Amino acid sequence: MPIRPHIPLHDVDMLSAVFEELLEDHQILRASAVAERTLTRLIFNYDLGIRDPALLKILTVPFLRQRLSGTH
């Protein structure tokens, strides 16, 4: 497994806030497979270099709509 560079604390706080907003906006239980996949997608977008919270949220929403509707 490749070693990932650390995420700065201010970015951890930002990612946490975006994740919490996504959970609330889409009524997702924190302890669910959908929440886990949402966080994975959020971090994937962050790893692509996206640091704007609004853009991270927007780019995660299409993924959520697919998962919540059962389509892939």
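Preceding this section is the structure that the text describes.
Think of each chain on its own: its residues are numbered from 1, step by step along the sequence as written. Only residues with pLDDT of at least 70 are given local features in this predicted model, and only at 80 or more are side-chain atom pairs given and counted; all residues enter the totals for whole chains, interfaces and linings. Side-chain measures here rest on the full set of heavy atoms in the structure, leaving out hydrogens and waters.

## Side note on the packing of aromatic side chains
To keep it simple, the criterion reads: Each Phe, Tyr or Trp ring, with Trp reduced to its six-membered ring, pairs with another whose centre is within 6.5 Å; inter-plane angles below 30 degrees give stacked pairs, above 60 give edge-to-face pairs, and intermediate values give tilted ones. By the criterion adopted, a ring carries a charge over it if an Arg CZ or a Lys NZ lies within 6 Å of its centre and within 35 degrees of its normal.
Going through the model one piece at a time under the given rule, you end up with zero aromatic pairs. For the cation-ring pair, Arg 51 lies above Tyr 46, with the distance from its terminal atom to the ring centre recorded as 3.6 Å.

## Comments concerning helix H2 (residues 33–47)
Note the following rule: Note on conventions: DSSP H or I runs of at least 4 residues are helices, E runs of at least 2 residues are strands, and numbering of each starts at the N terminus. To estimate how far a helix should reach, multiply one less than its number of residues by 1.5 Å. Any residue under 20% of the maximum accessible area for its type is buried, any over 50% is exposed, and the rest in between are partly exposed; the area is computed with a 1.4 Å probe on protein chains only. The arc under discussion is defined with respect to the helix axis, by the directions toward the C-beta atoms.
Over its 15 residues, H2 extends 21 Å from the first C-alpha to the last, a length consistent with the 21 Å expected when each residue adds 1.5 Å. Of all the positions in H2, only Val 34, Ala 35, Thr 38, Leu 42, Asn 45 and Tyr 46 are classed as buried. In a view along the axis of H2, the buried residues occupy a sector of 115°, so they form one face of it. Opposite its buried face, H2 presents the exposed residues Glu 36 and Thr 40, each directed more than 90 degrees away. Once H2 finishes, Gly 49 follows within two positions and takes phi at roughly 110°, a positive value.

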